Amino acid sequence: MHPRAQCSAESLAEQAAAAIASSGIAVIEQFLPDDAIAALRTEAQRLRAEEAFRQAGIGAGGDFRRHDDIRGDEILWIEPESAPAALQQALAAFEGLRLAVNRELQLGLFDFECHLARYAPGAGYKRHYDQLRDDNRRQLTVTLYLNEHWQAADGGTLRVFLDHDEARTLEILPTGGTLVAFLSERFAHEVLPCTRERFSLTGWFRRR
Ligand code: OGA
Ligand code: MN
C-alpha cells in the first residue's frame, strides 16, 4: 500500500489549511488516490471528445473577451449538483478543504465555482490574478491536476510569484493528484506553455 493511502482526505485538508494559514499557499501531492485521478482524467477526455469544452476568455459578463495569446486553455464549467460521478470524490474533498480552511482562517468561504481545463500543446496562461476586476468574492484558488507521468520536459509548469517584486517563485508540475491551493488576491501566477495535453480541475471558493 502506498503510505499516503493511510492519510485520510480529512488530514490532507487539515495539512493544506495549515500551510495556507502560514504562507498563503499549499501544495499537496496525492491529494486524491490514483484511481480517482484516473477516473477524472477519463471523464475529462470523454467530455473533450464530446466537444463539451469551450475556448476560455478573460473577464466576465459584458467584459468577456477571447485572448488566445494570453490564455490558451479550453474549459468546461461544472455544476456541482449535477456533476458526473467521477467528479464527486474531488468535489467532496474540496468541500472538506473548505471546512478546514474556514476553521483555520475564518475566511467565510461560502460557495464554489469550478471548471475542468484542457491546455492543448503550445497553450499556456500568462501572468494574472484570479480575482475578477469588479468582483472580489473569489478568496481561494484550488487546482487539482489530472495528468499521468508528467515530466519537467512536458512544460505546463504553474509558476506562482511569491512576492510583489517577483524575485521568489514557486514552480509546480501538473502531476496527477497534486493539489495547489492559494489565496486568490495574494498571488500572481502563470501557466508556462505545455508540450502535451494538460488537464486540471480548477475552482474558486468565494465569500458571500
Ligand atoms: C487559472 C489558472 C492554473 C493551472 O485557471 O486561472 O491559473 O495550473 N490555472 O492550471
Ligand atoms: Mn489563475
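Notes on the structure follow. What you are looking at is a predicted structure, and each value in this text was computed from that prediction instead of being measured.

Procedures and definitions
Counting from 1, residues in each chain are numbered in the order their sequence is written. To label them, take the chains in the order written and letter them from A, then take the ligands in the order written and number them from 1. Since the coordinates come from a predicted model, pLDDT governs what is reported: local features require at least 70, and pairs of side-chain atoms require 80 or more to be given and counted, while whole-chain, interface and lining totals use all residues. Computation of side-chain values covers all heavy atoms of the structure but excludes hydrogens and water. A helix here means a DSSP run of H or I that spans at least four residues, while a strand means a run of E at least two residues long, and both kinds are numbered starting from the N terminus. Think of it in three bands: residues with accessible area under 20% of the maximum for their type are buried, residues over 50% are exposed, and the middle band is partly exposed, with areas taken using a 1.4 Å probe on protein chains only. Identification of polar contacts relies on pairs of N or O atoms within 3.5 Å, with a donor-acceptor requirement for protein atoms, meaning one able to donate a hydrogen and the other able to accept it, and with residues adjacent in sequence counted only if both atoms are side-chain atoms. Here, residues are in contact when the closest pair of their heavy atoms is within 4.5 Å. Given a helix with a known number of residues, its expected span is that number minus one, times 1.5 Å. Throughout, the arc means the angular range of directions from the helix axis out to the C-beta atoms. Any N, O or S atom lying within 2.8 Å of the metal counts as a donor, and for Na, K and Ca the limit rises to 3.2 Å; water is left out, so some sites can look incomplete. Working definition: a ring pair exists when centres of Phe, Tyr or Trp rings (six-membered ring for Trp) sit within 6.5 Å. Plane angles under 30 degrees give stacked, over 60 give edge-to-face, the rest tilted. Criterion for a charge above a ring: Lys NZ or Arg CZ within 6 Å of the ring centre, and within 35 degrees of the ring normal. Lines fitted to C-alpha atoms define the axes, with helix axes restricted to the stretch in contact, and inter-axis angles between N-to-C directions lie between 0 and 180 degrees. If an angle is under 35 degrees, it is roughly parallel; if it is over 145, roughly antiparallel; if it lies from 65 to 115, roughly perpendicular; otherwise it is oblique. Note on convention: near helix rotated counterclockwise from far helix by under a right angle means a left-handed crossing. Clockwise means right-handed. When residues are grouped by polarity, Ala, Val, Leu, Ile, Met, Phe, Trp, Tyr, Cys and Pro land in nonpolar, Asp, Glu, Lys and Arg in charged, and all others, Gly among them, in polar. Paired strands, in this sense, are two strands between which DSSP finds at least two bridges. Near is defined per residue: the residue qualifies when any heavy atom it owns lies within 4 Å of the molecule or strand. Working definition of accessibility: Shrake-Rupley area with a 1.4 Å probe, residue cover restricted to the visible protein chains.

Some words on the side chain of Arg41
Moving on, step 1. On the secondary structure map, Arg41 appears in helix α2 (residues 34-49).
Moving on, step 2. Residue classification places Arg41 among the buried positions, given a relative accessible area of 14%.
Moving on, step 3. There is a polar contact of 2.9 Å between the side chain of Arg41 and the backbone oxygen of Leu146.
Moving on, step 4. With residues up to four places along the chain from it excluded, the contact list for Arg41 reads Leu146, Asn147 and Glu148.

Considering helix α1 (residues 9-23)
Moving on, step 1. Here α1 contains 15 residues, and its C-alpha end-to-end distance of 21 Å stays within 8% of the 21 Å for a straight helix at 1.5 Å per residue.
Moving on, step 2. Looking at α1, one finds that the buried residues are Leu12, Ala13, Ala16, Ala17 and Ile20. Down the axis of α1, the sector holding all buried residues measures 140°, keeping them to one side.
Moving on, step 3. In this structure, the buried residues of α1 make contact with β1 (25-28), α3 (85-105), β8 (138-145) and β11 (179-183).
Moving on, step 4. A positive backbone phi angle near 85° is found at Gly24, which sits one or two residues after α1.

A few points about the coordination of the manganese ion (ligand 2)
Moving on, step 1. Looking at the metal site, the manganese ion (ligand 2) is ligated by His128 (NE2), Asp130 (OD) and His189 (NE2), spaced 2.0 to 2.1 Å from it.
Moving on, step 2. All donor residues of the manganese ion (ligand 2) come from one chain, and their arrangement in sequence is H-x1-D-x58-H.

Some points on the packing of aromatic side chains
Moving on, step 1. Taken as a whole and assessed by the stated rule, the structure comprises five aromatic pairs.
Moving on, step 2. Ring centres of Phe182 and Phe187 lie 6.1 Å apart, and the angle between their planes is 85°; on these two criteria the pair is classed as edge-to-face. Each of the two residues, Phe182 as well as Phe187, counts as buried.
Moving on, step 3. The ring of Trp204 is capped by Arg138, whose NZ or CZ atom sits 3.8 Å from the centre of that ring.

Notes on the packing of α2 against α3
Moving on, step 1. Relative orientation of the contacting elements α2 and α3 amounts to 130°, with a least axis distance of 8 Å. Accordingly, the angle class assigned to the pair α2 and α3 is oblique. At the point where α2 passes α3, the crossing takes the left-handed sense. Within the contact between the two elements, α2 uses Ala36, Ala39, Leu40 and Glu43 and α3 uses Ala86, Leu87, Gln89 and Ala90.
Moving on, step 2. Of the residues that constitute the contact of α2 with α3, the class distribution is six nonpolar, one polar and one charged.

Considerations on the sheet that holds strand β7 (residues 125-128)
Moving on, step 1. With respect to topology, four strands assemble into an open sheet ordered β7-β12-β9-β10, the strand pairing being antiparallel. The two strands at the open ends of the sheet, each matched to only one other strand, are β7 and β10 (169-172). On average, each strand axis in the sheet is inclined to that of its neighbour by 10°, with strand direction left out of account.
Moving on, step 2. Alignment of β7 against strand β12 (residues 189-191), held across two bridges, turns out to be antiparallel. Directly across from Tyr125, in β12, lies its bridge partner Val191.

Notes on the site of ligand 1
Moving on, step 1. Neighbouring ligand 1 are the residues Tyr119, Tyr125, His128, Asp130, Tyr145, Leu158, His189, Val191, Arg198, Ser200, Thr202 and Trp204.
Moving on, step 2. At 3.0 Å, a side-chain N or O of His189 approaches an oxygen atom of ligand 1.
Moving on, step 3. The contact in question runs from an oxygen atom of ligand 1 to an N or O atom on the side chain of Arg198, over 2.8 Å.
Moving on, step 4. For ligand 1, whose free accessible area comes to 290 Å², the fraction covered by protein is 97%.
Moving on, step 5. Elements supplying a minimum of two residues to the shell around ligand 1: β7, β12 and β13 (198-206).
Moving on, step 6. Of all the elements, β13 adds the most residues to the shell around ligand 1, at four residues.
Moving on, step 7. Across the shell around ligand 1, the residue classes break down as six nonpolar, four polar and two charged.

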